[in-house]
Amino acid sequence: MERTCRNTELSLADVGKKVTLVGWVSKKRNLGSIIFVDLRDRSGIMQIMIKEADKAPDIRNEYVLQVEGTVSRREVANPKMKTGEIEVIADKINVVNTAKTTPLIIADETDALEEVRLKYRYLDLRRPCMQRFFDIRDEIKITTHKYLHEHQFIEVETPMLAASSPEGAKEYLVPSRLHHGSFYALPQSPQMFKQLLMVAGFERYYQIARCFRDEDLRADRQPDFTQIDIETSFLDQNQFLTIMEGLIHEIFMNTIGYDVKLPLRQMTYKEAMERYGTDKPDTRFGIELHNLKSLFADTTFETYKTADAIRGICVPNVADTTSRKVVDNLTVEAKKFGLGGLAVLKMENEELTGGFVKFLTEGEKAALIKEFAMKNNDIIIISAGPDNRVSPLLGAIRLQYGKQLGLIKPNTYDLLWVIDFPMFEREIETGEIVATHHPFTRPRDEDLPYLDTDPTKALSYAYDIVINGYEAGGGTLRIYDQNIQKKIFNILGLSDEEVQTKFGYFVNALQYGTPPHAGMAFGLDRLAMILGGTENIRDVIAFPKNLAGVCPMSGAPTPVTDKQLEDLGIIIKKD
Ligand code: ASP
């Protein structure tokens, strides 16, 4: 199709030039004898002036046009538009295709519900603000390929149809037509394959890998997502992290021109939990958690006497807006975290007030005011109970206040490594021991003895990169000693037999000269989301699923025919 250039390639310097443009009608204004059309192409908008309106073809929004005309200086420039100083006076308009009235407005500002946007995603993606997200996403990938190749990495693809492996999350299974009753599993990540590539001697691997996890969805999670997956041999933790920091620096620079200061700081998991109540702290604002255990050492309040942890936060200047309803909502929040409630105290007229004050001695009151350097109109929120509930609760409340009080400056970025994660954690409901990261994570040398005494005390060589409170990536040094690997499987409750059936090939491979190796994976979607400035991961995925795991456009997942099920040897149980 003939086209001389894209819209935004033209400027005042082209006035007088004959051009042929193509694009979609973004807007049409009929002024009687003259028609103005905003023609949108991938690059942006160009105003087209049609002088003989009566001779113009029928033109409506989203029609596809080919316009021949002459570039001309506008009488009144529009400084908001890239091409605002010029317009194209049409000689000839060719309606290439018509369009039905679209169910959503194709413009950055749209009032369409997300469900409608997802149903007509191809129209939603036509909006310039959406295309910008994909430019950022694309730039992340280009930068990654370039940087990693410059650092001797090679890209290797690993199977999508893999063996089921209990890495952590639930898997998506794919029934085998040739082997009824057997299933492939879609990879949660290429974890074992990339480690085997290290055994194979590749030394530096990466892959922009599709991964699949059947987990509850959230604003920042999708069932199929993309990772920048990386594995290296012969590097210690800091050598490895330095290379990864270089990659992140390049990505920030090339996408949004932001100069990330290196080296990134490192914070232990313990410190992150104690100060922020989360392993992915948003450190762009304060309201840090305080440990109040020793302050309440002599408490007579029964719940506090026996509590595993007592922690609190101070929120500045909100006492006057902390109504009964606000306190009730905070209590509801505490219950969600499995706690009975929490205490809210206000500083009013230089005095602590609130229902909980009656349980406090004068000494405790003074100590609390001092601990938080409280000023009038501040509040403190105190929670007591098991630490794995108390800290996350206060962490979540802290975050809500950070957002609500506008304490986070827009367009600021805070990056850090969180390191030294525990090897294992206990599931809150079942008490079962599970791997914090995954079962191939190497325990810290000094913590190896804990594997035989109290494994939950062992810390690991694990690191997450946290950006603005999001876990943007994570990884570990790997176990390369088969005996330790076996021990970890046993701690996780896998018998030798189960290990053989589930990971036999992997454990066997470790016996053939495995190099020390380390790796990580960055969440490509999350990076695109952070750099694109959206909190909704679906914005940076072309055809995402909604929160119910459904694609409103294609309807996936859909029922299949009886014949398809029969071929696969599957009978559906009717509930
Ligand atoms: N496979 C891990 C993950 O997906 C990352 C890694 O350890 O390399 O979280």
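Look a little higher up for the structure.
Cut-offs and rules
Every residue gets a number counted from 1 within its own chain, in the order that chain's sequence is written. This being a predicted model, a pLDDT of at least 70 is required before a residue's local features are given, and a value of 80 or more before pairs of side-chain atoms are given or counted; all residues contribute to the totals for chains, interfaces and linings. In computing side-chain properties, one takes all heavy atoms of the structure into account and sets aside hydrogens as well as water. Any two strands with at least two DSSP bridges between them are considered paired. We count a stretch as a helix when DSSP gives it H or I for four or more residues in a row; a strand needs E for two or more, and each element gets its number in order from the N terminus. The axes used here are C-alpha line fits, helices contributing only the stretch in contact, and every angle between their N-to-C directions lies in the interval 0 to 180 degrees. In a helix, the anticipated span is given by 1.5 Å times the number of residues less one. Three labels apply to residues, based on accessible area from a 1.4 Å probe with only protein chains included: buried if under 20% of the type maximum, exposed if over 50%, partly exposed otherwise in between. Think of the arc as the fan of directions from the helix axis to the C-beta atoms. Note on contacts: a residue pair qualifies if any of its non-hydrogen atoms lie within 4.5 Å across the two residues. Here, proximity means that at least one heavy atom of the residue falls within 4 Å of the molecule or strand. Any pair of nitrogen or oxygen atoms within 3.5 Å is treated as a polar contact; in protein, a donor-acceptor pairing is required on top of that, and neighbouring residues in sequence qualify only through side-chain atoms on both sides. What sets the accessible areas is the Shrake-Rupley method with a 1.4 Å probe; for residues, cover comes only from the shown protein chains. Note on residue classes: Ala, Val, Leu, Ile, Met, Phe, Trp, Tyr, Cys and Pro are nonpolar, Asp, Glu, Lys and Arg are charged, and everything else, Gly too, is polar. What makes a patch is a set of residues exposed beyond 30% relative accessible area and free of salt bridges, joined within 9 Å when like-charged and within 5 Å when nonpolar (Val, Leu, Ile, Met, Phe, Trp, Tyr). Put simply, a salt bridge is a Lys or Arg side-chain nitrogen that is within 4 Å of an Asp or Glu carboxyl oxygen. An angle below 35 degrees is read as roughly parallel, one above 145 as roughly antiparallel, one from 65 to 115 as roughly perpendicular, and any other as oblique. Throughout, a crossing is termed right-handed when the near helix is turned clockwise from the far one, and left-handed when it is turned anticlockwise from it by less than a right angle.

A.B. asks: Just to check I follow, could you spell out the sheet that holds strand E3 (residues 44-50) for this structure?
C.D. replies: For sheets, the rule is that strands pair by backbone hydrogen bonds, running either parallel or antiparallel. What the five strands build is a closed barrel, ordered E1-E2-E3-E5-E4; its pairing is mixed. For this sheet, the mean inter-axis angle between neighbouring strands, taken without regard to orientation, is 55°. Of the pairings in the sheet, the one linking E3 to strand E5 (residues 86-97) comprises two bridges and is parallel in character. Looking at the pairing, Ile48 lines up with Val88 of E5.

A.B. asks: Any chance you could explain helix H8 (residues 324-336) here in plain terms?
C.D. replies: The end-to-end C-alpha distance of H8, which contains 13 residues, comes to 19 Å, matching closely the 18 Å that a straight helix rising 1.5 Å per residue would cover. Inspection of H8 places Leu330, Glu333 and Ala334 among the buried residues, and these make up the whole buried set. In an axial view of H8, the angular spread of the buried residues amounts to 100°, which keeps them on one side of the axis. Turned more than 90 degrees from where H8 packs its buried face, Arg324, Lys325, Lys335 and Lys336 sit exposed. Those residues of H8 hidden inside the fold are in contact with strand E14 (343-348), strand E16 (379-385) and helix H10 (387-404).

A.B. asks: Would you take a moment to explain H10 for this structure?
C.D. replies: The α-helix advances 3.6 residues per turn, and as a result positions three or four apart in sequence lie on the same side. The terminal C-alpha atoms of H10, which comprises 18 residues, lie 25 Å apart, in line with the 26 Å expected from a rise of 1.5 Å per residue. Within the span of H10, buried status applies to Val390, Ser391, Leu393, Leu394, Gly395, Ile397, Arg398, Tyr401 and Gly402. Where H10 is buried, its residues meet helix H6 (269-276), strand E13 (309-315), H8 and E16. In the stretch just after H10, Gly406 is the one whose phi turns positive, near 65°.

A.B. asks: Help me understand the site of the ligand in this model?
C.D. replies: Gln191, Lys194, Arg213, His438 and Arg478 are the nearest of the 13 residues found near the ligand. Ser189 is positioned with one of its side-chain polar atoms (N or O) 3.0 Å from a nitrogen atom of the ligand. Separating an oxygen atom of the ligand from a side-chain N or O atom of Gln227 is a distance of 3.0 Å. Contact with the protein chains removes 92% of the 270 Å² of surface that the ligand exposes when unbound. Elements with a contribution of two residues or more to the shell around the ligand: helix H4 (191-199), strand E21 (470-477) and strand E22 (517-523). A per-element tally of the shell around the ligand places E22 first, with three residues. Partitioned by chemical class, the residues of the shell around the ligand number two nonpolar, eight polar and three charged.

A.B. asks: Would you mind going over a nonpolar patch on the surface with me for this structure?
C.D. replies: On the surface, Tyr122, Phe543 and Met553 cluster together into a nonpolar patch covering about 300 Å² of accessible area. When you line up the elements, Met553 lands in the loop between helix H13 (524-532) and helix H14 (562-568). Under the relative-accessibility criterion, Met553 is labelled partly exposed at 32%.

A.B. asks: What exactly am I supposed to notice about the packing of H8 against H10 here?
C.D. replies: For any two helices packed against each other, the geometry comes down to the angle between their axes and how far apart the axes lie. At a minimum axis distance of 10 Å, the contact between H8 and H10 shows a crossing angle of 140°. Between H8 and H10, the angle falls in the class oblique. Along this stretch, H8 crosses H10, giving a crossing that reads as right-handed. Across the interface between the two elements, Val326, Leu330, Glu333 and Ala334 from H8 touch Leu393, Ala396, Ile397, Gln400 and Tyr401 from H10.

A.B. asks: Please clarify how the environment of Lys336 should be interpreted in this entry.
C.D. replies: Along the chain, Lys336 turns up in helix H8. Residues Lys336 and Leu393 lie 57 residues apart in sequence; the distance between their C-alpha atoms is 8.7 Å.

A.B. asks: Looking at this structure, I do not really get unusual backbone geometry. What am I missing?
C.D. replies: What you tend to see is this: most non-glycine residues have negative phi, and most peptide bonds are trans. With an omega dihedral of -5°, the bond running from Leu262 to Pro263 counts as a cis peptide bond. Mapping Pro263 onto the fold places it in the loop between helix H5 (237-256) and strand E11 (265-268). Even without glycine at this site, Glu203 takes up a positive phi of about 65°. By the element assignment, Glu203 lies in the loop between H4 and strand E9 (204-212). For Asp420, which is not glycine, the phi dihedral falls at a positive 60°. With respect to the secondary-structure elements, Asp420 resides in the loop between strand E17 (415-419) and strand E18 (424-426).

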